[in-house]
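Here are the chains, one letter per residue:
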Amino acid sequence: MEKTVLIKTDNLTLCYGKHPALQTVSLDIREGGFYGVLGPNGSGKTTLINVMCGVLKPSAGRVFWQGRELRFYRRRHIARSFAVVPQDCSINFPFTVLEVVMMGRKPHLGRLGRLTDEDLGIVYSCMEHCGVLDYAEKAVTSLSGGERQRVILARALAQTPQVLFLDEATSNLDISHKIDLLKLIKRLNTRQGVTVIAALHDLNLAGMFCDYFIYMEKGQVACEGPGDLVFNEKVIKQIFNVQVEIDKHPVTGRYHLTLLPDSG
Ligand code: ADP
Ligand code: MG
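Here we summarise the structure given alongside this text. (Residues numbered from 1 in each chain as written. Chains lettered and ligands numbered in written order. Predicted model: local features only at pLDDT ≥ 70, side-chain atom pairs only at ≥ 80, totals over all residues. Heavy atoms only, no water.)

Description of unusual backbone geometry
Trans peptide bonds make up the majority, and among non-glycine residues the majority have a negative phi.
Reasoning step 1: Phi at Thr24 takes a positive value of approximately 45°, unusual for a residue other than glycine.
Reasoning step 2: Of note, Thr24 is situated in strand β2 (residues 19–30).
Reasoning step 3: According to the relative accessible area criterion, Thr24 is partly exposed, its value standing at 46%.
Reasoning step 4: Notably, Thr160 is not glycine yet its phi reads approximately 40°, a positive angle.
Reasoning step 5: Its location among the elements puts Thr160 in the loop between α5 (145–158) and β7 (163–167). (Helix = DSSP H or I, 4+ residues; strand = E, 2+ residues; numbered from the N terminus. Buried < 20%, exposed > 50% of the residue type's maximum accessible area, 1.4 Å probe, protein only.)

Here's what the structure looks like:
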């Protein structure tokens, strides 16, 4: 049975000045999917994520959230449903890690804005999962880029969103933290049904974690579909102009990609 469409984009166009960064993008994001948004630099991945989560308003076309246009929802409602880990996230004020992760609960708090024991439980468990509990009282400004990125992810998870948007969210991390965090996100996806939309530039990581792929090229969707149809040598050659070999692991069903030396 097909899963419910959570987010629908209908002929989205977004221009920065005269330059169209997205053109006529129509997509259905279904509940529980793990979507990889792939494409070369400047192909519109960040712009697409920002329009889908309501940070940018489309120049033309519409975005729907659960059947109703996103622009009609209150910000608080959107913040309870979507969490975003942006590509560049700088926090310049020396908040402690605990304070930053607590901010993730804000859209859920009552009138007085007090955190309940349940809220605090969520905050501590997200810090633990993201490996930042030891830094709880440290200022975020004193952390390394990778540590800070894990704090931002912990804050996003503390929002207990229905949809988690990740924009190259693991790019500052070393390989083991990258894999740990993507595994954590995958668990949220498979066990709690959180829908994930991740722009990833590492094709191998995309193959390991995503089930559905959206390839962007010059602001348009060049190709989209489940891995078995579109995560293959031909499509990757067409989009990235690199020769690869892709195997599918017989047990895990995950893809593994090997870059081949240019055969000329
Ligand atoms: P990606 O995330 O795939 O690298 P982006 O969505 O960031 O792509 O950018 C798509 C296109 O829009 C690029 O040509 C980029 O130069 C342009 N662009 C992105 N952000 C802005 C901006 N704030 N102002 C003007 N042009 C922008
Ligand atoms: Mg980007």
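Considerations on the packing of aromatic side chains
Aromatic ring pairs: the centre-centre distance and the angle between the two ring planes describe each pair.
Reasoning step 1: Counting across every chain of the model gives 7 aromatic pairs.
Reasoning step 2: Between Phe93 and Phe95, the ring centres sit 4.7 Å apart and the planes meet at 55°, which makes this aromatic pair tilted.
Reasoning step 3: On the basis of relative accessibility, which here comes to 29%, the residue Phe95 falls in the partly exposed class.
Reasoning step 4: Between Phe213 and Tyr255, the aromatic rings sit 6.5 Å apart at their centres with planes inclined by 75°, giving edge-to-face as the arrangement. Residue Phe213 is located in strand β9 (residues 212–217), and its partner Tyr255 is located in strand β12 (residues 255–259); the two are separated by 42 residues in the primary sequence.
Reasoning step 5: For Phe213, a relative accessible area of 0% gives the class buried.
Reasoning step 6: For Tyr255, a relative accessible area of 10% gives the class buried.
Reasoning step 7: Put simply, the rings of Trp65, Phe82 and Phe165 touch in pairs and so form one group of aromatic residues. (Phe/Tyr/Trp six-rings, centres within 6.5 Å; stacked < 30°, edge-to-face > 60°.)

No statement about biological role is implied by the geometric values presented.
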